[in-house]
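Report on the structure
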Amino acid sequence: MLKVSGLVSGYGQSEVIHGIDLSVGQGEIVAIMGRNGMGKTSLFKTLMGILPTTHGQVRVADTDLTKLDSFQRVRAGIAYVPQGRMIFPTLTVEENIRTGLRHNAMRAPIPAEIYALFPVLFDMRKRRGGDLSGGQQQQLAIARALVTEPRVLMLDEPTEGIQPSIIKDIARALLEIRQMKNLAIVVSEQVLSFTMQIADRLIVIDRGRFVHEDLRANVDEQTINRYLSV
Ligand SMILES: Nc1ncnc2c1ncn2[C@@H]1O[C@H](COP(=O)(O)OP(=O)(O)OP(=O)(O)O)[C@@H](O)[C@H]1O
């Protein structure tokens, strides 16, 4: 579903993603693990067209996204939950979700499956986004991405700053989303216990390169922890 080949990008003259290849199938969850500054956010920003691609290609299903703007990439089926959530603090929960809706965004009802996945968002639907807890904002950001009807969902460090009970809810929701929608999901993380709950495959990124990869069943947690703690 997602196919990335030879991806190179960076900030001006400074190259930070040095030739990444990644394929994620429909219904597959892949975790990209790495410490701060290893390139997780830069990789996602490049895939979304926020950071320009220097070399390489990004495809979703049959569409080549490489030359498309971010909004066209979203239309082609790729959605992004950024680090720090980036919800709109002064809009209500419902209005935040509406910003992701494809058609008739001002009036169309919020799809029932969204509130089924995240009941707390239904309870809070008239509250301002900025009044939600970090965990609730994370669920809101996932909801907003989901209503764009993606085929590929990317989440940048979704557990950052979130309490353990809510992390469990987010893991459960992602597994449910995969089950319901058969999406390809890519999640970047530093928390191995979370990715071991959800990912089919774990990849380690180190200074802009993939340096290690394992199916979850074969993961040697010590090896991955070594990369995460150096
Ligand atoms: N705006 C920027 N301008 C220049 N270099 C940047 C910029 N943002 C990030 N970088 C550099 O790109 C590299 C990768 O950073 P990136 O934020 O992608 O890492 P990360 O793995 O997402 O880390 P974190 O978990 O801290 O977000 C780092 O060396 C960082 O210093």
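A brief look at the structure comes next. (Residues numbered from 1 in each chain as written. Predicted model: local features only at pLDDT ≥ 70, side-chain atom pairs only at ≥ 80, totals over all residues. Heavy atoms only, no water.)

Counted according to the given criterion, the structure contains two aromatic pairs. For the ring pair Phe-44 and Tyr-80, a centre distance of 6.1 Å and an interplane angle of 55° mean the geometry is tilted. Highlighted residues: Phe-44 in helix α1 (residues 40-47) and Tyr-80 in strand β6 (residues 78-81), separated in sequence by 36 residues. Here Phe-44 matches Tyr-80 in class, with each residue buried. (Phe/Tyr/Trp six-rings, centres within 6.5 Å; stacked < 30°, edge-to-face > 60°. Helix = DSSP H or I, 4+ residues; strand = E, 2+ residues; numbered from the N terminus. Buried < 20%, exposed > 50% of the residue type's maximum accessible area, 1.4 Å probe, protein only.)

For the ligand, the set of nearby residues contains 13 residues, the closest of which are Gly-37, Lys-40, Thr-41, Ser-42 and Glu-157. Here an oxygen atom of the ligand sits 2.7 Å away from a polar atom, N or O, in the main chain of Gly-37. Interatomic distance of 3.1 Å between a backbone N/O atom of Met-38 and an oxygen atom of the ligand. If you tally residues by element for the shell around the ligand, the top one is α1, at three residues. (Near = heavy atom within 4 Å. Polar contact = N/O pair within 3.5 Å; in protein donor to acceptor, adjacent residues only side chain to side chain.)

So, on to the sheet that holds strand β3 (residues 29-33). If you walk across this open sheet you meet the six strands as β6-β7-β8-β3-β9-β10, and the pairing is mixed. Of all strands in the sheet, those bounded by a partner on one side alone are β6 and β10 (209-215). Taken pair by pair, the neighbouring strands of this sheet meet at an average axis angle of 20°, ignoring direction. Pairing analysis gives five bridges linking β3 to strand β8 (residues 184-189), with the strands arranged parallel. Paired with Ala-31 across the two strands is Val-187, which belongs to β8. Contacting β6 and β7 (152-156), helix α6 (residues 134-146) crosses the sheet at an angle of about 170° to β6. (Pairing = 2+ DSSP bridges. Axes fitted to C-alpha atoms, helices over the stretch in contact; angles between N-to-C directions. Contact = heavy atoms within 4.5 Å.)

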